[in-house]
Structures are given as C-alpha cells and as structure tokens.
Amino acid sequence: MSESEAQLPTAFVADVLLWKRWHVSLGVIVVATVAWLLLEWTDLPFLTICSDVLLILIVLLFLHANYAALRNKLPPTLPELVVSEEMVNNVAASFRVKINNVLLIAHDITIGKDFRIFFKVVVCLWLLSVIGSIFSFFTLAYIGSLMMITIPALYSKYGDYVDKCCGLIHHQFSKHYRIVDESVFNRLPRNISKDKES
C-alpha cells in the first residue's frame, strides 16, 4: 500500500471527527445513541444483541445471493479477509513489549519501591471504582463516543479560548499540587527497605 493510500483512512477519520463529513458524524452519534438505548434500557445481554445482528446480516446476505442466482446475475462479492503471518507477529511483539512494561511497573508498585507511585495508583483505582459504581460500562462507552465526536470539532473552532482557560487551570492545579507535594508526598519515604540492619 502506498503512502497516499495509507493516509486515506486517517484523512477520513479526521474529517469525521471535525464534522467536515457531517452526515457520517451525525450517523455515528445516532448509531451510538441507538446502541446505548438498546443496551441500557432494554436490559438485553450484549451477546444476545450481537448474535441477533449477525444473524440478521447473514440471513440478508444469503437471501440476496440466492435472489441474484435466481435472476441469473452474479452474486455479490464479499471482500476476502486474510490475516497475514507478518501482521500477527508484529502485533504479538508489540503486545509483548507493552505487557512486559506493565508487569515491570506493577512489580515495582507491589514491592513498594516507590511509595508515591503506589499512592497514586491506589487513588486512581479508587476513583475508577467510584465511577464504575455510578455508571455502567456501556454508559461510559457512550459518553466516550459522544466526547470523541464532539470535542475535536469544538476544539478546532474555539481552540484559542480553550488553550487560554486550560493554561489557567493547569497553573492553579500545579500550584496546589506543589503545596501537597511539599507538605505530604515529600514526607513519605521513597524507598522502604525490607531488610533493616540491626
């Protein structure tokens, strides 16, 4: 695939996110809203909905192909999906490196090498637990998809004002973090030695 062909999907996604192709962007919001309503309000299991949608698609494609054969027309061609061995090896190698990095960080956190990182991880996991008890996974996915489709367009329109406000907020957070860091975090021991010399 040439470089210009590789940039086509990226350009299409950028156009959708910036509402240059408004009909596709609106379609994404409508599909996300319908999916959220199906998953949250009808209380149908996710696996049931996926199976039903795939069943309907397969039946429609089967009927369309047989109808074309009855009319002596060529059946519709479906794209042949093939996963190359090289792509699988690249993905596996990439995942291996990332998983090893995560395991190394988790090892450092659990053995207590750096108490500050341990404290930050505990706070983040606690916040995720609180958010998870308030919202379901599908509601969070729906909110995330709405934010993904609206925030880039709003930022491209009001970017200068947003940068100015974010700079002020960042300055205030930095000031408060510095105070907490000096009064709390710096008093915590960085390395807790397990073998104390007597």
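Preceding this section is the structure that the text describes.
Parameters at a glance
- Per-chain numbering applies: the sequence of each chain, read as written, is numbered from 1 onward.
- Per-residue local features are limited, in this predicted model, to residues with pLDDT of at least 70; the limit for side-chain atom pairs, both in listing and counting, is 80 or more; totals at the level of whole chains, interfaces and linings are taken over all residues.
- As a rule here, side-chain values cover all heavy atoms of the structure and leave hydrogens and water aside.
- By convention, a stacked pair of Phe, Tyr or Trp rings (six-membered ring in the case of Trp) has centres within 6.5 Å and planes under 30 degrees apart, an edge-to-face pair has planes over 60 apart, and any other such pair is tilted.
- The way it works is that DSSP assigns letters per residue, a run of H or I at least four long becomes a helix, a run of E at least two long becomes a strand, and they are numbered from the N terminus.
- Here's how the labels work: a residue is buried when its accessible area is under 20% of the maximum for its type, exposed when over 50%, partly exposed in between, all with a 1.4 Å probe on protein chains only.
- Axis definition: a line fit to C-alpha positions, over the contact stretch in the case of helices; interaxial angles, taken between N-to-C directions, run 0 to 180 degrees.
- When describing relative orientation, an angle under 35 degrees is termed roughly parallel and one over 145 degrees roughly antiparallel, while 65 to 115 degrees is termed roughly perpendicular and anything else oblique.
- Throughout, a contact is declared for two residues whenever any of their heavy atoms are within 4.5 Å.
- Sulfur atoms of two cysteines make up a disulfide when they are within 2.5 Å.
- What counts as a salt bridge is simple: a side-chain nitrogen of Lys or Arg found within 4 Å of a carboxyl oxygen of Asp or Glu.

Participant: Tell me what's going on with the packing of aromatic side chains, and back it up with residues and numbers.
Facilitator: Under the definition given, this model contains three aromatic pairs. Arranged with centres 4.9 Å apart and planes meeting at 10 degrees, the rings of Trp36 and Tyr142 form a pair that is stacked. Linking Trp36 in helix H2 (residues 22-41) with Tyr142 in helix H6 (residues 137-183), this pair joins segments that are 106 residues apart in sequence. Accessibility classification places Trp36 together with Tyr142 in one group, the buried group. One aromatic cluster in this structure is built from Trp36, Trp41 and Tyr142.

Participant: Outline the packing of H2 against H6, supporting the account with residue identities and numerical values.
Facilitator: Between H2 and H6, the least distance of the axes is 10 Å, while the angle of their chain directions is 170 degrees. When the axis of H2 is compared with that of H6, the two are roughly antiparallel. The residues of H6 that touch H2, namely those facing Ser25, Val28, Ile29, Ala32, Thr33, Trp36, Leu39 and Glu40, are Phe138, Thr139, Tyr142, Ser145, Leu146 and Ile149.

Participant: Describe the state of the cysteines, naming the residues involved and giving the relevant values.
Facilitator: Enumeration over the complete set of coordinates arrives at zero disulfides. Here Cys166 stays free of any disulfide, with the sulfur of Cys165 as its closest cysteine sulfur at 7.0 Å. Under the relative-accessibility criterion, Cys166 is labelled partly exposed at 45%.

Participant: So, the environment of Ala106: which residues are in play, and what are the values?
Facilitator: Following the sequence through the fold, Ala106 ends up in helix H4 (residues 85-110). In this structure, the C-alpha to C-alpha distance between Ala106 and Val121, residues 15 residues apart in sequence, is 9.8 Å.

Participant: Please give an account of the pattern of salt bridges that cites residues and values.
Facilitator: With the rule as written, the count across this model stands at one salt bridge. Note that Arg21 is salt-bridged to Asp15, the shortest N-O span being 3.5 Å. The exposure class assigned to Arg21 is partly exposed, which follows from its relative accessible area of 34%.

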